[in-house]
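The chain contents come next:
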2 protein chains.
Amino acid sequence: MKTVGQIIRAKRENLGLLLRQVASYLDIDQAILSKIERNERKPTKDNIIKLAEILEFDKEDLLVQYMSEKIAYEIAEEDYASKVLKVAEQKVKYLKSNLIKN
Amino acid sequence: MKTVGQIIRAKRENLGLLLRQVASYLDIDQAILSKIERNERKPTKDNIIKLAEILEFDKEDLLVQYMSEKIAYEIAEEDYASKVLKVAEQKVKYLKSNLIKN
DNA sequence: TTTTAACTTGACATCATTTGTCAAATATAA
DNA sequence: TTATATTTGACAAATGATGTCAAGTTAAAA
């Protein structure tokens, strides 16, 4: 299982793009992108959206990877992680049926 | 489906405890507890642990409620929320099998 | 109704985390 | 070596989380 960072780095190198080039498109310092690719920093949602654009990923797929990874790290240390995810699913359903959509 | 805030308030009133009393046990201002109970602020993990103690909840149950609620709010607006949770489950399994336990 | 106690509200302060910059160090490869 | 790409770590700025406080409101007792 690859991390988002690994996925990004692989694709960037495949496309022959430099850190500098991609970072400039994201409007961040290349140091940050370097760290994102090595899982030393977490990308922002905006970073992910721009990365999907320039690296030709399906935007939703990359966002799913990103958000699920964030959640996984939040709860991975807990014994009851899978219980949390099950309950979260119910709560999401409940919220969706009760939220006023914008 | 009740929120953590609603669960806490119901139990506190049932036990006949005042905001002031419970807040003092949590070592926070009663204003915060008031807001937590009305979902205007999010409790910290430490708040939840102490609440479980003083309000006689099973600690793990309350933590599961708390964490799943946090996650649900993070992703509820997204169309692909349930996809995120499914992928997160896989990622958690992967992390658990690859993490060095402390 | 007046008084008292409980709770709520909002402005603000403090602190931690996140996100970023920069320049020097290191690696890679021409 | 020289040039280019990447990494590193110290630091700064921005954001978000957490808390205090005092005044306002509500509700119920006297």
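Residues numbered from 1 in each chain as written. Chains lettered and ligands numbered in written order. Predicted model: local features only at pLDDT ≥ 70, side-chain atom pairs only at ≥ 80, totals over all residues. Heavy atoms only, no water.

Identification of chain A as XRE family transcriptional regulator from Pedobacter chitinilyticus is taken from an unreviewed UniProt entry.

(A) Region of the structure containing the packing of aromatic side chains. For the structure on display, the rule yields zero aromatic pairs over all chains. Here the guanidinium or amino end of Lys11 of chain A rests over the ring plane of Phe57 of chain A, the centre of that ring lying 4.4 Å away. (Phe/Tyr/Trp six-rings, centres within 6.5 Å; stacked < 30°, edge-to-face > 60°. Lys NZ or Arg CZ within 6 Å of the ring centre and 35° of its normal.)

(B) Highlighting the relation of the copies chain A and chain B. Between the two copies, chain A and chain B, the superposition gives an RMSD of 0.1 Å; the rotation angle is 180° and the shift along the axis is 0.0 Å. Such a combination of turn and shift is consistent with a two-fold rotation axis. When C-alpha positions in chain A are compared against the rotation axis, the closest is assigned to Leu85 of chain A, at 3.3 Å. Most of the interface of chain A is mirrored in chain B, where 97% of its interface residues are also at the interface. (Least-squares fit on C-alpha atoms with pLDDT ≥ 70 in both. Contact = heavy atoms within 4.5 Å.)

(C) Representation of unusual backbone geometry within the structure. Residue and element names in this part refer to chain A. Of note, the phi angle at Asn39 is positive, near 60°, even though the residue is not glycine. Of note, Asn39 is situated in the loop between helix H3 (30-37) and helix H4 (45-54). Even without being a glycine, Glu56 presents a positive backbone phi close to 60°. (Helix = DSSP H or I, 4+ residues; strand = E, 2+ residues; numbered from the N terminus.)

(D) Layout of the packing of helix H5 (residues 59-75) of chain A against helix H6 (residues 81-98) of chain B. Contact geometry of H5 of chain A with H6 of chain B gives a least axis separation of 8 Å together with a crossing angle of 50°. Between H5 of chain A and H6 of chain B, the crossing angle belongs to the class labelled oblique. Crossing hand, H5 of chain A versus H6 of chain B: right-handed. For the pair H5 of chain A and H6 of chain B, contact is made by Glu60, Val64, Gln65, Met67, Ser68, Glu69, Ile71, Ala72, Tyr73 and Ile75 of chain A and by Lys83, Val84, Val87, Ala88, Lys91, Val92 and Leu95 of chain B, respectively. (Axes fitted to C-alpha atoms, helices over the stretch in contact; angles between N-to-C directions. Parallel < 35°, antiparallel > 145°, perpendicular 65-115°, else oblique. Left-handed = near helix turned anticlockwise from the far one by under 90°.)

(E) How the structure looks around helix H5 (residues 59-75) of chain B. The end-to-end C-alpha distance of H5 of chain B is 25 Å, a good match for the 24 Å that 17 residues give at a rise of 1.5 Å each. Within the sequence span of H5 of chain B, burial applies to Leu62, Leu63, Val64, Tyr66, Met67, Ser68, Glu69, Ile71, Ala72 and Ile75 of chain B. In this fold, the buried residues of H5 of chain B make contact with H5 and helix H6 (81-98) of chain A together with helix H1 (4-14), helix H4 (45-54) and H6 of chain B. With a side-chain oxygen positioned 3.2 Å from the backbone nitrogen of Glu60 of chain B, the residue opening H5 of chain B is Asp58 of chain B. (Expected span 1.5 Å × (residues − 1). Buried < 20%, exposed > 50% of the residue type's maximum accessible area, 1.4 Å probe, protein only. Polar contact = N/O pair within 3.5 Å; in protein donor to acceptor, adjacent residues only side chain to side chain.)

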